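Residue-level listing of the chains:
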Amino acid sequence: MNAETFHNSLSGDQEPPDISPYLLSLWYDGKSNWDKAHHIIQDIQTKEAAWIHAYLHRKEGDMGNADYWYSRAGKKRPAIALYDEWASLVETFL
């Protein structure tokens, strides 16, 4: 799967098969289902999951919580558009 295939899958109703929980969370976020995206990622204890978790809280507007998760991911909150961060996350986890 590449970025174009992933993006195209957002127009359908079926999750792409055999993708990581990281991409699955981003897929649901791309489908405007923040709650499902958060539910998938919140209990995964990796720096990668923390980065997605941070992005989701940034999108939610909870910057204190976002900054906590960025710290857990070893990152700082980026000064880029949310969509650009989402696209960067997708590229990273493909």
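This text follows the structure it describes.
Residues numbered from 1 in each chain as written. Predicted model: local features only at pLDDT ≥ 70, side-chain atom pairs only at ≥ 80, totals over all residues. Heavy atoms only, no water.

Student: Is there a simple way to explain the nonpolar core in this structure?
Tutor: When a protein is soluble and globular, its nonpolar side chains tend to lie buried together. Among the nonpolar cores identified, the biggest contains 28 residues, and Phe6, Leu23, Leu26, Ile52, Trp86, Leu89 and Phe93 are the most heavily contacted of them. Where this core is concerned, the elements lending two or more residues are helix H2 (21-30), helix H3 (34-41), helix H4 (47-60), helix H5 (63-73) and helix H6 (82-93). Here the element with the most residues in this core is H4; it accounts for seven residues. Setting aside residues no more than four positions away along its own chain, Leu89 makes contact with Leu26, Trp51, Ile52 and Tyr55. (Core = buried A, V, L, I, M, F, W, Y, C linked by side-chain atoms within 4.5 Å. Buried < 20%, exposed > 50% of the residue type's maximum accessible area, 1.4 Å probe, protein only. Helix = DSSP H or I, 4+ residues; strand = E, 2+ residues; numbered from the N terminus. Contact = heavy atoms within 4.5 Å.)

Student: Teacher, can you tell me more about the side chain of Arg58 here?
Tutor: Its location among the elements puts Arg58 in helix H4. A relative accessible area of 10% places Arg58 in the buried class. Within the structure, Arg58 has its side chain in polar contact with the backbone oxygen of Ile80 (distance 2.2 Å). Residues in contact with Arg58, not counting those within four places in the same chain, are Met63, Ala66, Tyr70, Arg77, Pro78, Ile80, Ala81, Leu82 and Glu85. (Polar contact = N/O pair within 3.5 Å; in protein donor to acceptor, adjacent residues only side chain to side chain.)

Student: Quick question: what am I supposed to make of the packing of aromatic side chains here?
Tutor: Any aromatic ring pair is given by two values, namely how distant the centres are and how the planes are angled relative to each other. Applying the stated criterion to the full structure yields six aromatic pairs. Look at Trp51 and Phe93: their rings are 6.1 Å apart centre to centre, the planes differ by 55°, and that puts the pair in the tilted class. With Trp51 in helix H4 and Phe93 in helix H6, this residue pair connects regions lying 42 residues apart in the sequence. By relative accessible area, which is 14% here, Phe93 ends up buried. Of the aromatic side chains, those joined through ring pairs into one cluster are Phe6, Tyr83 and Trp86. Lying across the ring of Tyr28, Lys36 places its NZ or CZ 5.4 Å from the centre. The ring of Trp51 carries Lys75 above its face, with NZ or CZ at 4.4 Å from the centroid. (Phe/Tyr/Trp six-rings, centres within 6.5 Å; stacked < 30°, edge-to-face > 60°. Lys NZ or Arg CZ within 6 Å of the ring centre and 35° of its normal.)

Student: Whenever I open this one, the pattern of salt bridges confuses me. Can you help?
Tutor: Scanning the entire structure with this criterion turns up three salt bridges. Here Lys59 makes a salt bridge to Asp29, at a shortest N to O gap of 3.0 Å. Within this pair, whereas Lys59 is found in helix H4, its partner Asp29 is found in helix H2, the two being separated by 30 residues in sequence. The salt bridge involving Arg58 is made with Glu85; its shortest N-O contact spans 2.6 Å. With a gap of 27 residues between them, Arg58 in helix H4 and Glu85 in helix H6 connect regions that are remote in the sequence. (Salt bridge = Lys/Arg side-chain N within 4 Å of Asp/Glu carboxyl O.)

Student: What am I meant to see in the environment of Arg72 here?
Tutor: Within the secondary structure, Arg72 is located in helix H5. By relative accessible area, which is 37% here, Arg72 ends up partly exposed. For the pair Arg72 and Leu94, spaced 22 residues apart in sequence, the C-alpha to C-alpha distance is 22 Å. Once residues within four sequence positions are removed from consideration, Arg72 is found in contact with Gln45, Lys47 and Ala50.

Take it as geometry only, folks, not as evidence of what the structure does.
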